[in-house]
Amino acid sequence: SSLGFFPICGTIMATATGSFAIIATSGRGFTTGLSFLSWNIGYVLFGILAALLLSSAIRALKLYTIPELFKRRFGKWTALLPALTIGLMFLVPLFAVQLVGMGSVIASTFGIKFELAVLIGFTLCVGFTLAGGMFSVAYTDALQMLIILFGIILLFVLTIQQLGGVAEAFNNSSPEIINPFSISFGDWLSLLLIFGTLSFVYQTTWQRIAAAKSRKTAVRAVTAGFSVVFIMTILTVCIGVFARQLIPLETMPDMVYSTLMTKVMPPKIAGLFVVTLFSAILTSATSFLLSGATSIARDIYVDWINPKTKKEPSLKILRLATIFMAIIGLFIALYVKDIWTITIYAKAVSASILFFPVLAAFFWKQATSIGVISSMLIAAFVAILWQSYGNPLATNAVIPGMTVNLLTLVIVSLLT
C-alpha cells in the first residue's frame, strides 16, 4: 500500500471511463436526454460515501475483495456466492462491455466487421493484462485520463461551436430531451440504485483504497476521482443530446460518440482521440480483468479448489483465471453486442445480491451466515427471473431483487 494521490485518483477515473461512461452514456444522451444523468448521481455519491465510511475498515482488515469480508465475518461458505457473483455475474460482463466498445471504435474507424474488431480488442486486452499488473495499470491510467478528459472537453466545445453556442444548442433541442426529469420515477430510482449501491461495494474502489499510502490519501483521491467523473459525465451526456442536431437520428447509440467525433473534429485530431478513447477502454478492460482474475484466483481457487496452498495464488493461476474470464467475456460481447443491455443486466443482478449483505457485514452485529446466504440466493433467483421475464410492471429487477434480499436477510438473521 504505497500509491499516492495522483495514481489512485487516475485509476478511479480511468476505471469509470470505459465503454459505458463514454460510448453508452453519449448514446443514452442521444436517445433519452439529460434525465440519463441520474445513473451518475448515485454512482458518484455512493462511491464517495464508501471511501468515507469504509476506508478505515478496508485498510485495517487489508480487504482486497468482497468475498474476503464475508469469509472473515460469516465463515467460508458465505464467501462462495459473492465470489461467483463478482467474478462471473459482474466483472466478466463488464469486460464484455469494454470489448463491445472497442469493437465499435475499431469497426467505425477502420470500416471492418464488428466481430473482427471485437477479436482484435480481445487479443490486445489479454496481452496487456498478462504483461503488467496493478502498478503498470495505475501509472498508465493517470496519463491516459488527462488525454481522455481533454478529448471530451474538446469534442463538447467543437460541437457547441458548430451549433452557435450553448444557449443556441439548448434552444434548438426538443424540450423532453433537455428535461432532466423526463424519465419515470421508477426508471430514475432503478438507475440510482443499480449504479449507486454497486459503487458502494465496488471491489476495484476497495483495492484502490487498500493500495493508497494512507487513509487520508485514499479518501481525498477517491473523492476527487469521482467528482471529475461526474463533471465528465455531464459533458458526455450533453455531447449525446447536442449530437441529435448534427448526425442522423437513426445512428446506433453505441456509434454516436465516434460518428460525432469524425463529423466535428479535423481528421488528424479525431484520429488522435480515437486512439486515446480506445486506450481508455483498454485500460478499463484490463482493470476489470485483473480484478476478476484476482477474485477467481483468491476466492475460488485458493479457498475451494486447492485449499492446501493457503497462500497467495501463483502467477500461473492468476494468468489462467484471466484467460478463463476473458474467453467468457468474448462470447458475451459477440452474442449480445449492446453495451447498455449487458451493463444493466449484470449490475442489476449484482446489486440485488451484494449490497445489503455487505452493509450487514460491516454494520449489523445480528446478521448471521444463514441469513446472508439465504438472502443472496433468493435475491439472485428473483433478479435473474425478473429480468428473464423482461422486467414486468415496468420495474427493473433491482427493485424486487433488493427488497427480497433485505427482507430475507433481516427475518432469517433474527430467527437464527
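Cut-off values and rules
- Here the residue index of a chain counts from 1 through its sequence in written order.
- Local features are withheld for residues below a pLDDT of 70 in this predicted model, meaning they are given only at 70 or higher, and side-chain atom pairs are given and counted only at 80 or more; totals for whole chains, interfaces and linings count all residues.
- Hydrogens and water molecules were not included; the side-chain quantities draw on all heavy atoms of the structure.
- Helix numbering and strand numbering both begin at the N terminus, where a helix is a DSSP run of H or I of at least 4 residues and a strand a DSSP run of E of at least 2.
- Only C-alpha atoms enter the radius of gyration, while the globule expectation follows 2.2 Å times N to the 0.38, with N the number of residues.
- The classification of residues rests on relative accessible area computed with a 1.4 Å probe and restricted to protein chains. Under 20% of the type maximum is buried, over 50% is exposed, and intermediate values are partly exposed.
- Note on contacts: a residue pair qualifies if any of its non-hydrogen atoms lie within 4.5 Å across the two residues.
- In this description, accessible areas are obtained by the Shrake-Rupley approach with a 1.4 Å probe, and a residue is regarded as covered only by the protein chains that are shown.
- This count recognises Lys and Arg as positive and Asp and Glu as negative, with His and chain-terminal groups excluded.
- To locate a charge, take atom NZ for lysine, CZ for arginine, CG for aspartate or CD for glutamate.
- Here the expected length of a helix is defined as 1.5 Å per residue gap, with one fewer gap than residues.
- The quantity called bend is, for any residue, the angle between two axes fitted respectively to the seven residues ending at it and the seven beginning at it.
- Two distance rules govern patches: like charges are joined within 9 Å, and nonpolar side chains (Val, Leu, Ile, Met, Phe, Trp, Tyr) within 5 Å, applied only to residues with over 30% relative accessible area and no salt bridge.
- The working definition used for a salt bridge is a side-chain nitrogen of Lys or Arg within 4 Å of a carboxyl oxygen of Asp or Glu.
- Pairing of aromatic rings covers Phe, Tyr and the six-membered ring of Trp, with a centre-to-centre limit of 6.5 Å; geometry is then stacked below 30 degrees between planes, edge-to-face above 60, and tilted otherwise.
- We count a charge as sitting over a ring when the NZ of a lysine or the CZ of an arginine lies within 6 Å of the ring centre and within 35 degrees of the ring normal.
- Residue-level confidence of the predictor, termed pLDDT, takes values from 0 up to 100.

**Regarding the overall build of the protein**
A count of helices and strands for the protein gives 18 helices and zero strands. For 416 residues, the compact-globule estimate of 2.2 N^0.38 gives 22 Å, and the C-alpha radius of gyration of the protein, at 21 Å, lies within 12% of that figure. Structurally, the protein occupies a C-alpha span of about 65 × 45 × 40 Å along its principal axes. With 416 residues in all, the protein has 57% of them scored as buried. The long-range fraction of contacts in the protein, counting pairs at least 24 apart against all pairs at least 6 apart in sequence, stands at 85%. Accessible area of the protein: about 16,800 Å², with a carbon and sulfur share of 72%. On the protein, the mean spot of the 25 positive side-chain charges and the mean spot of the 12 negative ones are 15 Å from each other.

**Here we look at helix H5 (residues 76–110)**
In this model H5 runs 49 Å from its N-terminal to its C-terminal C-alpha over 35 residues, within 8% of the 51 Å that 1.5 Å per residue would give. Where H5 bends most, the angle comes to about 30°, and this point is Leu-91, followed within four residues by the proline Pro-93. For H5, a buried count of 25 out of 35 residues is recorded, marking the element as mostly surrounded by other parts of the structure. Just downstream of H5 lies Gly-111, where phi reads positive at about 65°.

**Section: a nonpolar patch on the surface**
Side chains of Leu-49, Leu-52, Leu-53 and Phe-363 sit close together on the surface and give an oily, nonpolar patch of about 380 Å² of accessible area. Considering the arrangement of structural elements, one finds Leu-49 in helix H3 (residues 38–60). Its relative accessible area of 37% is what places Leu-49 among the partly exposed residues.

**Some words on the packing of aromatic side chains**
A complete count under the given rule lists 23 aromatic pairs for this structure. The interplanar angle of 20° and the centroid separation of 6.0 Å between the aromatic rings of Phe-20 and Trp-340 together place this pair among those described as stacked. Note that Phe-20 is positioned in helix H2 (residues 19–31) and Trp-340 in helix H16 (residues 339–363), a separation of 320 residues in sequence. By relative accessible area, Phe-20 is classed as buried at 9%. On the basis of relative accessible area, Trp-340 is assigned to the buried category, the value being 19%. Plain terms: the ring middles of Phe-170 and Phe-242 are 5.0 Å apart, the flat faces sit at 85° to each other, and that makes the pair edge-to-face. Taken as a pair, Phe-170 in helix H8 (residues 166–171) and Phe-242 in helix H12 (residues 215–243) lie far apart in primary sequence, 72 residues in all. A relative accessible area of 26% places Phe-170 in the partly exposed class. Taking relative accessible area as the criterion, Phe-242 reaches 1% and is therefore assigned buried. Ring pairs connect the aromatic residues Phe-20, Phe-36, Trp-39, Tyr-43, Phe-90, Phe-195, Tyr-202, Phe-226 and Trp-340, which therefore count as one cluster. Positioned above the aromatic ring of Trp-304, the side-chain terminus of Lys-76 is 4.6 Å from the ring centre.

**A few points about the confidence of the model for the protein**
Chain-level pLDDT for the protein is 87 on average; 96% of the residues reach the 70-or-more range. Averaged over each element, pLDDT in the protein is lowest for helix H7 (residues 134–162) (78) and highest for helix H18 (residues 398–415) (96).

**Side note on the pattern of salt bridges**
Inspection of every chain in the model, using the stated rule, returns two salt bridges. A salt bridge links Glu-68 to Arg-72, with the nearest nitrogen and oxygen atoms 3.3 Å apart. Here Arg-72 and Glu-68 lie together in helix H4 (residues 66–74), a separation of four residues that amounts to about one turn. Its relative accessible area of 10% is what places Glu-68 among the buried residues. Across the pair Glu-115 and Lys-337 runs a salt bridge, and its minimum N-O distance is 2.7 Å. Here Glu-115, found in helix H6 (residues 114–131), pairs with Lys-337, found in the loop between helix H15 (315–336) and H16; they are 222 residues apart in sequence, far enough to count as distant. Judged by its relative accessible area of 30%, Glu-115 is partly exposed. Owing to a relative accessible area of 36%, Lys-337 belongs among the partly exposed residues under this scheme.

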